[in-house]
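# Secondary and tertiary structure notes
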Amino acid sequence: MRVCGQCGETFDRPAWECPRCLHEPTRLDGHLAFAPELAERSEGFEAQYFAPLAELEAANFWFRSRNRLLVWALRRYFPGAKNFLEIGCGTGFVLSGMREAFPGLTLSGSEIFTAGLGFAAGRLPGVELFQMDARRIPLRDEFDVIGAFDVLEHIKEDEEVLSQMYEATRGGGGILVTVPHHPFLWSRVDEYARHIRRYRARELKEKAGRAGFGVLRVTSFVSLLLPLLLASRLKQRRPGEDFDASSELKVGPLLNAALERVMDAERLMIRGGVSFPLGGSLLLVARKE
Ligand SMILES: [Zn+2]
């Protein structure tokens, strides 16, 4: 079902024109835009981050491993899913991984900045991409699964986003969410990335629960590499140390391959039922009953 952005009417038909007030969402760069007033404002994430990010993701162990973990989680917890929305799809790297793993899955992606949608559109022909404020999702009972991967920590009203995700999910479906784990790991990397918070596991579970979801699984990941991550973040806290926020992601090819192997081993453990209490990131899987 669709929700009119102007009068709040819900309606079920292919056109976006509201049957009550005739309001129709505008288009920006060819994409439906539900919150055009926010499309270029750079609060939370700078649009110019997208270009270097797209290049980095494809080769980097962290992004590649996160994709594999998400593909596994979708297959394990929502095997019957027919459609999937990713909120904050950025350059489209996760959606392209999902498309490769699930050719029959209908994919949609949203982003607050149209700059990201341009990248994603080039990579994902046929995928429906739209500009949207995650705090006001214009759809109800629409998606089998909704994902938000390292998005909630950028948004002050994270609970509002979870509630909106709940409304937009079909009964029996659910959500996949990743966020940075542990407030004590807060560093300049978080500041540079414009994070508002890092999460405790209990906090994320409680927030998902308050939105209406039943939590199926919570595990940390980037757990086996936590000592390395800690060393790197502590080094950045030293005064006078040159700061490069992306240095952790720009590792040489040999080290990158080694780190990816460690992440592979960790994923095998997660698949085997291990839920890690400590790690750089947190995965939450929750269901709408
Ligand atoms: Zn209306």
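The structure under discussion appears in the preceding block.
We now turn to the structure provided with this report. (Residues numbered from 1 in each chain as written. Predicted model: local features only at pLDDT ≥ 70, side-chain atom pairs only at ≥ 80, totals over all residues. Heavy atoms only, no water.)

## A few points about unusual backbone geometry
Backbone geometry places Asp29, a non-glycine residue, at a positive phi of 50 degrees. We classify Asp29 as exposed; its relative accessible area is 65%. Phi at Arg194 takes a positive value of approximately 60 degrees, unusual for a residue other than glycine. Within the element layout of this structure, Arg194 appears in the loop between α6 (188-192) and α7 (201-210). (Buried < 20%, exposed > 50% of the residue type's maximum accessible area, 1.4 Å probe, protein only. Helix = DSSP H or I, 4+ residues; strand = E, 2+ residues; numbered from the N terminus.)

## Side note on the sheet that holds strand β6 (residues 106-111)
In space, the nine strands of this open sheet follow the order β3-β4-β7-β6-β5-β8-β9-β11-β10, with mixed pairing throughout. What marks the edges here is a single partner per strand, and that holds for β3 (26-28) and β10 (214-221). With strand direction ignored, the average angle separating the axes of adjacent strands in the sheet is 20 degrees. The pairing of β10 with strand β11 (residues 281-287) spans seven bridges and is antiparallel. Following the sheet pairing, Arg217 is matched in β11 by Val285. Its contacts with the sheet place helix α3 (residues 93-101) against β5 (83-87), β6, β7 (128-131) and β8 (143-149), and it is angled at close to 175 degrees to β6. (Pairing = 2+ DSSP bridges. Axes fitted to C-alpha atoms, helices over the stretch in contact; angles between N-to-C directions. Contact = heavy atoms within 4.5 Å.)

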